[in-house]
Amino acid sequence: MKIATWNVNSMRARADRVEAWMQKADVDVLAIQETKCKDENFPWEVFEHNGYDVAHFGFNQWNGVAIASRVGLKGVERTFADQPAFGKAGKEPVQEARAIAATCGDVRIWSLYVPNGRAREDEHMSYKLTWLNQLREHAESWITEDPQAQIVLAGDWNIAPQDSDVWDIDFFEKNQMTHVTAEERTAFNGFLDAGYADVVRPYTADPGIYTYWDYTNLRFPKREGMRIDFLLGSPAVAQRVQSAYVDKDERRGKGASDHTPVVAELS
DNA sequence: ATGGTGGTGGAACCA
C-alpha cells in the first residue's frame, strides 16, 4: 500500500500535474493540502477518471485539504475534535479547513495543513502551537487506547524539526525566521514522544533532501529548501514501511507546486 | 541581469 502526502498549492492550477503524478507514482492514497477551493470548484473528475474516491474539505481560497484513495474511503471526518479556531480581532473565530481524515484500506489517514506561524511573535504562531498541541493530545490517545492502531498523520507541518532540514540554519536564526524555533520543534517532537515515527526520514537521510522550496529568491535552483512535509506513522504502521522517497522531480519545470510529494510504501 | 514567485480574485493577502 503506497501512501503519499503533497501540498499542491491549488488543486485547480495543479490538476494536470496531480493527475500525471498519480499515474506515474501509482499511489493508493494521496493526502492533499492547500486545495485552495470550495467543493464546487474541486476537480473531482481528476480522481474519478483514475479510479480514486476522494473526499475534500474547503470553504474558500484559503487552506483546503483532501484525501484520494483507491483502496476505500470510509469514516470521513472534517476537523479534529476541539480543533482550535482562528479569528482576527473583532471577527468570529472559525475552525479552518486544515484537517480531514478517512480510513483507507486498514489505515486511518489524516491530511493535515498545519497553520503557518508567519513570524515568531505573531498571533498566528501561538495559534499554530495550540493547534498542534490539541492534535497531539488526540493522536496520543488514539494509540494509548489501541496500541495496534494503524494511523498516518500526513501533511505540511510547517516545521523543520532538525537543523539539517533547512539549507542554512544560521540564516534562519539570524533573520529570526519561523519553522525552526524551539517551541515549534517541541510541538513536533510531541508526536514522536507519543509514539509516532517519521517513516520517510530513514530512507531519505542524506543532507539536502527537502520537500519545499520557496518560489521567491531562486530557492530551488540554489538548492535552498526545507524539509517540512512528513508522514508520521503509528507504531503499527511504522513496522510495515518498506521504502520511502521524496519526489524532487515534481518541483521542476513550469507549473510546479512549491512542495514535492512525499511517499511511503507499506507492506 | 545587482534582479529573480505564484495562486486567488479582481485589491490585497497568503505563503
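Residues numbered from 1 in each chain as written. Chains lettered and ligands numbered in written order. Predicted model: local features only at pLDDT ≥ 70, side-chain atom pairs only at ≥ 80, totals over all residues. Heavy atoms only, no water.

Visitor: Any chance you could explain the UniProt feature "site: Interaction with DNA substrate" (unreviewed entry) in chain A here in plain terms?
Guide: As recorded in UniProt, the sites labelled "site: Interaction with DNA substrate" (unreviewed entry) are H259. For H259, the location among the structural elements is in the loop between β11 (241–246) and β12 (262–266). In contact with H259, not counting residues within four places along its chain, are W6, N7, D156, T211, Y212, I228, D229 and R251. Polar contacts involving the side chain of H259 include one to the side chain of D229, which spans 2.9 Å. (UniProt positions renumbered as here; feature names shortened; annotations may be inferred. Helix = DSSP H or I, 4+ residues; strand = E, 2+ residues; numbered from the N terminus. Contact = heavy atoms within 4.5 Å. Polar contact = N/O pair within 3.5 Å; in protein donor to acceptor, adjacent residues only side chain to side chain.)

Visitor: Got a minute to help me understand helix α5 (residues 182–193) in this structure?
Guide: In an α-helix, one turn spans 3.6 residues; hence positions three or four apart end up facing the same way. Taking 1.5 Å per residue as the helical rise, α5 with its twelve residues ought to reach 16 Å, and the 15 Å between its terminal C-alpha atoms agrees with that figure. Every buried residue of α5 is accounted for by E184, R185, A187, F188, G190 and F191. On its buried face, α5 is in contact with α3 (123–145), β8 (151–156), α4 (169–174) and β10 (229–233). Looking at the residues trailing α5, positive phi occurs at G195, about 120°. (Expected span 1.5 Å × (residues − 1). Buried < 20%, exposed > 50% of the residue type's maximum accessible area, 1.4 Å probe, protein only.)

Visitor: When you look at the packing of aromatic side chains in this model, what are you seeing that I'm missing?
Guide: Here a ring pair, both rings aromatic, is described through the centre-centre distance and the interplanar angle of the planes. Scanning the entire structure with this criterion turns up 15 aromatic pairs. Plain terms: the ring middles of W157 and F188 are 5.5 Å apart, the flat faces sit at 85° to each other, and that makes the pair edge-to-face. Here W157 is found in the loop between β8 and α4, whereas its partner F188 is found in helix α5, with 31 residues between them in sequence. One exposure class covers both W157 and F188, and it is buried. (Phe/Tyr/Trp six-rings, centres within 6.5 Å; stacked < 30°, edge-to-face > 60°.)

Visitor: Hey, could you run me through the UniProt feature "binding site: Mg(2+)" (unreviewed entry) in chain A in this one?
Guide: Taking the UniProt record as the reference, the feature "binding site: Mg(2+)" (unreviewed entry) is found at N7, E34, D156, N158, D258 and H259. These annotated residues cover 253 residues of sequence, and their C-alpha atoms all fall within 12.8 Å of one another, placing them together at a single site. Restricting the annotated residues just mentioned to those that line the largest pocket leaves E34, D156, N158, D258 and H259. Assignment of secondary structure puts N7 in strand β1 (residues 2–7). Once residues lying within four places of it in the same chain are set aside, the contact partners of N7 are Q33, E34, Y113, D156, D229, S257 and H259. (1 Å grid on protein atoms, 1.4 Å probe; cavity = no way out; pocket = protein on both sides within 12 Å on 5 of 7 lines; lining within 4 Å.)

Visitor: How do you make sense of the protein's contact with DNA strand B when you look at a structure like this?
Guide: For DNA strand B, the set of nearby residues contains 15 residues, the closest of which are S10, K88, R118, Y215 and L218. Within 4 Å of the protein, atoms of DNA strand B come from sugar and phosphate in 75% of cases. Contacts to DNA strand B include S10, whose side-chain N or O atom sits 2.4 Å from a phosphate oxygen. In the environment of DNA strand B, a phosphate oxygen lies 3.2 Å from a nitrogen or oxygen atom belonging to the side chain of R14. Within the surface near DNA strand B, the residues separate by chemical class into five nonpolar, five polar and five charged. (Near = heavy atom within 4 Å. Nonpolar A, V, L, I, M, F, W, Y, C, P; charged D, E, K, R; others polar.)

Visitor: Which parts of the structure should I look at to understand the sheet that holds β12?
Guide: The pairing of strands in a sheet happens through backbone hydrogen bonds and is either parallel or antiparallel. With respect to topology, six strands assemble into an open sheet ordered β3-β4-β2-β1-β12-β11, the strand pairing being mixed. Two strands in the sheet have a free side with no partner beyond their single neighbour: β3 (53–57) and β11. Within this sheet the neighbouring strands show an average axis-to-axis angle of 10°, counted without direction. Pairing of strand β2 (residues 29–33) with strand β4 (residues 65–69), which is carried by five bridges, proceeds in the antiparallel orientation. Residue pairing in the sheet places V29 in a bridge with S69 of β4. Docked against the sheet, helix α1 (residues 15–25) engages β1, β2, β4, β11 and β12, running at close to 155° with respect to β1. (Pairing = 2+ DSSP bridges. Axes fitted to C-alpha atoms, helices over the stretch in contact; angles between N-to-C directions.)

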